[in-house]
Amino acid sequence: MSLPEKSADLPDNIAEEPSKPKETSLATHVEGRWVKHEVDIDEVYSPQAQRQIIHRVDRRLVSMLAGLYVISLVDRVNVSTAAIAGLNTDLELQVGTRYSVVILTFFVTYTIFQPLGTILTRKIGPRWFLASISLAWGAVMIGNGFVDTWQSLAGLRVLVGVFESGYFPGAVYLLSTWYTRFDVQKRYVGLYGVGCVAGALGGILSYGLSQMDGVAGLRGWRWIFIIEGIISCLLALLSYVFLVGFPEDADKSWRFLNKDERDFIIRRVNRDRGDATAEPFSLRKFLIHAKDWKIWVHAFIFFCVTTVGYSINYFLPIILLGMGFDVAESQCLIVPPWAFTGLFMYAQAWISDRYRLRGPIIAFNAVLSCIGLALMAFHPYYGVRYFGVFLVVAGGSGNLPPVLTYQANNICGQWKRAFCSATQIGAGGIGGIAGALVFRSQDQPRYLPGIYASIACNICILVCVAGLSVSFRYANERARRGTVILEGHEGFTYTF
């Protein structure tokens, strides 16, 4: 294969006067002018050829990961749509806290085993590890369709939690190794946003599957688990072929990049943060990063985001049922808020990457979520309360990609990145446990304790983002004066 054209001219993003660009660690002085984005200057490929390679990575990597995340999310939350399709009645899940326990059992193992996700993704390889666990949880999901007691369902949810625990941290870690700091949020939106929007369509799919009630003598809710489990297994088998590994192994993937294109991706990441190639694993190098207090603040922010997000995901159909909508309406009305959230997240990602904003985006979403929660709880008209659902889903669940990017932009080093992904996603799992408990059956139809807990989480997000922003600004000023090197990488500055 012949190489694309070599770079003949400098990119268009070069200022004409030698004035230093505002707030960037990637500026360099070339021939009397300041180049704003050094990562775009390559000795082999022109800007157009670079974009072609990156778009090829997007189509193969992001689309495959998003597809697997769709089935992950559908299989994780389909218990909520099955619940109003007869599962609650047949297994008596509305007795006491049984429904919350069924949800909770998933998150216990999901949280415990998540720290292994990034390590096993690196050691085994993304293609074999992520595809295998996807196949495993699909098989268990099929088994959910044949349970006769709520205890059996809870036991299978434990296994789903074990297998799904490795997917999201592994996928987030894999994405972060392929892209520069100011390219990654749009890809996180591609992973999470597309997954959530398509996952929301699972409500319509579940309603359609529930109409199979009586086919082969099985209840409709059983067909929801069986068919969606079969779909998961089929997509997992495809991922064995089409999922790709880390950049250094890109040329080994089927019909993907050649060695020169692989080397370009590695050069680009190294120009941005110098950590494209991982050092050999050592437990000490992995755990030493626990001493960085910022990692735990990022993890706490993610805990707050997922508490709000999961609580809405699991209880929204039931909340809509309490608003006066029937079963079919409740299953279908979860789709429009997620469709709006998908567009909302992509617009925010473009603004965030274009203007290098992280903290203000997160803060705006937290405020938006609080407004939506207040409308859901206190407005007397169902139409306005349903509008509040749009704001809560957009500001709550839509805050996940910005928070992931906020952390990913402010660390360097492969094993620190792996440790941070493990702690952050692990905290998200704990948020899932909290989200399963804040909305309780005895609080229906308004669920005020859950509303108050979600508002409190958003207030905590605002406080943490404000504190990190102050810390980052002070650290950047010291770095520009040359008194400190941040993250062990000369020229690095924090993004806030």
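Please read these numbers as outputs of a predicted model, since none were measured by experiment.

Asks: Sorry if this is basic, but what is going on with empty space enclosed by the protein here?
Replies: It is the rolling of a water-molecule-sized probe over the atoms that shows where space remains empty. Counted under the stated rule, the structure contains 6 cavities of 30 Å³ or more. In this structure, the second largest cavity encloses a volume near 160 Å³. Lining the second largest cavity are 19 residues, with Tyr69, Tyr192, Thr306, Tyr310 and Leu400 positioned closest to its centre. Counting only elements with at least two residues in the lining of the second largest cavity, the list comes to helix 1 (47-90), helix 12 (293-322) and helix 18 (414-438). Here the lining of the second largest cavity takes 6 residues from helix 12, the largest share from any one element. Class assignment for the residues of the lining of the second largest cavity results in 10 nonpolar, 8 polar and 1 charged.

Asks: What is the right way to look at the packing of aromatic side chains in this model?
Replies: How two aromatic rings sit relative to each other is given by the distance of their centres and the angle of their planes. If you walk through the whole model with that rule in mind, you get 23 aromatic pairs. Seen in terms of ring centroids, tyrosine 69 and tyrosine 192 are 5.9 Å apart; in terms of plane orientation they differ by 45°. Their pairing is tilted. Separated by 123 residues along the polypeptide, tyrosine 69 in helix 1 and tyrosine 192 in helix 7 (residues 184-200) bring together distant segments of the chain. Here tyrosine 69 falls in the buried class, since its relative accessible area comes to 3%. Here phenylalanine 106 and phenylalanine 107 contribute two aromatic rings whose centre-to-centre distance is 4.9 Å and whose plane-to-plane angle is 90°, an arrangement assigned as edge-to-face. Both residues of the pair, phenylalanine 106 and phenylalanine 107, belong to the buried class. A cation sits over an aromatic face here: arginine 354 above tyrosine 355, 5.1 Å from the ring centre. A cation over a ring is seen here: arginine 356 above phenylalanine 182, with NZ or CZ 4.0 Å from the ring centre.

Asks: How should I be thinking about the nonpolar core in this particular structure?
Replies: Formed by 129 residues in total, the largest nonpolar core has its most connected members in Leu65, Tyr167, Phe168 and Trp178. Broken down by element, the residue count for this core peaks at 19 residues, all from helix 1. Apart from residues no more than four positions distant in its own chain, leucine 65 is found in contact with Leu130, Tyr167, Ala171, Leu174, Leu175, Leu191 and Leu243.

Asks: Help me out: how do you make sense of a nonpolar patch on the surface in this one?
Replies: There is a patch of nonpolar side chains on the surface, built from Val108, Ile112, Phe113, Leu116, Leu120, Ile124 and Trp128 and spanning about 630 Å² of accessible area. Looking at the nonpolar patch, the elements with two or more residues in it are helix 2 (98-112) and helix 3 (115-124). For the nonpolar patch, the element with the highest residue contribution is helix 3, accounting for 3 residues.

Asks: So what exactly am I meant to see when it comes to the state of the cysteines here?
Replies: By definition, a disulfide links the sulfur atoms of two cysteine residues through a covalent bond. Applying the stated criterion to the full structure yields 0 disulfides. Cysteine 412 carries a free sulfur, and the closest cysteine sulfur to it, the one in cysteine 420, is 11 Å from it. For cysteine 412, a relative accessible area of 8% translates into the label buried. In this model cysteine 464 remains outside any disulfide bridge; the closest cysteine sulfur is found in cysteine 304, 6.3 Å from its own.

Asks: So what exactly am I meant to see when it comes to the packing of helix 14 (residues 335-355) against helix 15 (residues 359-378) here?
Replies: Geometry of a packed helix pair, given as the angle between the helix axes and the separation of the axes. Contact geometry of helix 14 with helix 15 gives a least axis separation of 11 Å together with a crossing angle of 150°. The angle between helix 14 and helix 15 falls in the class roughly antiparallel. Only Ile361, Phe364, Asn365 and Leu368 of helix 15 make contact with helix 14, whose side of the interface consists of Phe344, Gln348 and Ser352. Residues of the contact of helix 14 with helix 15, tallied by class, amount to 4 nonpolar, 3 polar and no charged.

Asks: Just to check I follow, could you spell out the side chain of arginine 358 for this structure?
Replies: Looking at the secondary structure, you find arginine 358 in the loop between helix 14 and helix 15. A distance of 2.4 Å separates the side chain of arginine 358 from the side chain of serine 352, its partner in a polar contact. In this structure the side chain of arginine 358 is engaged in a polar contact, spanning 2.6 Å, whose partner is the side chain of asparagine 409. Excluding residues that lie within four positions of it along the chain, arginine 358 makes contacts with Arg181, Phe182, Gln185, Ser352, Asp353, Thr405, Tyr406, Asn409, Thr495 and Phe496.

Each value, and the rule that gives it
Residues numbered from 1 in each chain as written. Predicted model: local features only at pLDDT ≥ 70, side-chain atom pairs only at ≥ 80, totals over all residues. Heavy atoms only, no water. 1 Å grid on protein atoms, 1.4 Å probe; cavity = no way out; pocket = protein on both sides within 12 Å on 5 of 7 lines; lining within 4 Å. Points joined across faces, edges and corners; volume = space filled by probe spheres on them. Helix = DSSP H or I, 4+ residues; strand = E, 2+ residues; numbered from the N terminus. Nonpolar A, V, L, I, M, F, W, Y, C, P; charged D, E, K, R; others polar. Phe/Tyr/Trp six-rings, centres within 6.5 Å; stacked < 30°, edge-to-face > 60°. Buried < 20%, exposed > 50% of the residue type's maximum accessible area, 1.4 Å probe, protein only. Lys NZ or Arg CZ within 6 Å of the ring centre and 35° of its normal. Core = buried A, V, L, I, M, F, W, Y, C linked by side-chain atoms within 4.5 Å. Contact = heavy atoms within 4.5 Å. Patch = residues over 30% accessible without salt bridge, like charges linked within 9 Å, V, L, I, M, F, W, Y side chains within 5 Å. Areas by Shrake-Rupley, 256 points an atom, 1.4 Å probe, with all protein chains shown as cover. Salt bridge = Lys/Arg side-chain N within 4 Å of Asp/Glu carboxyl O. Disulfide = S-S within 2.5 Å. Axes fitted to C-alpha atoms, helices over the stretch in contact; angles between N-to-C directions. Parallel < 35°, antiparallel > 145°, perpendicular 65-115°, else oblique. Polar contact = N/O pair within 3.5 Å; in protein donor to acceptor, adjacent residues only side chain to side chain.

Shape descriptors only; they carry no functional weight alone.
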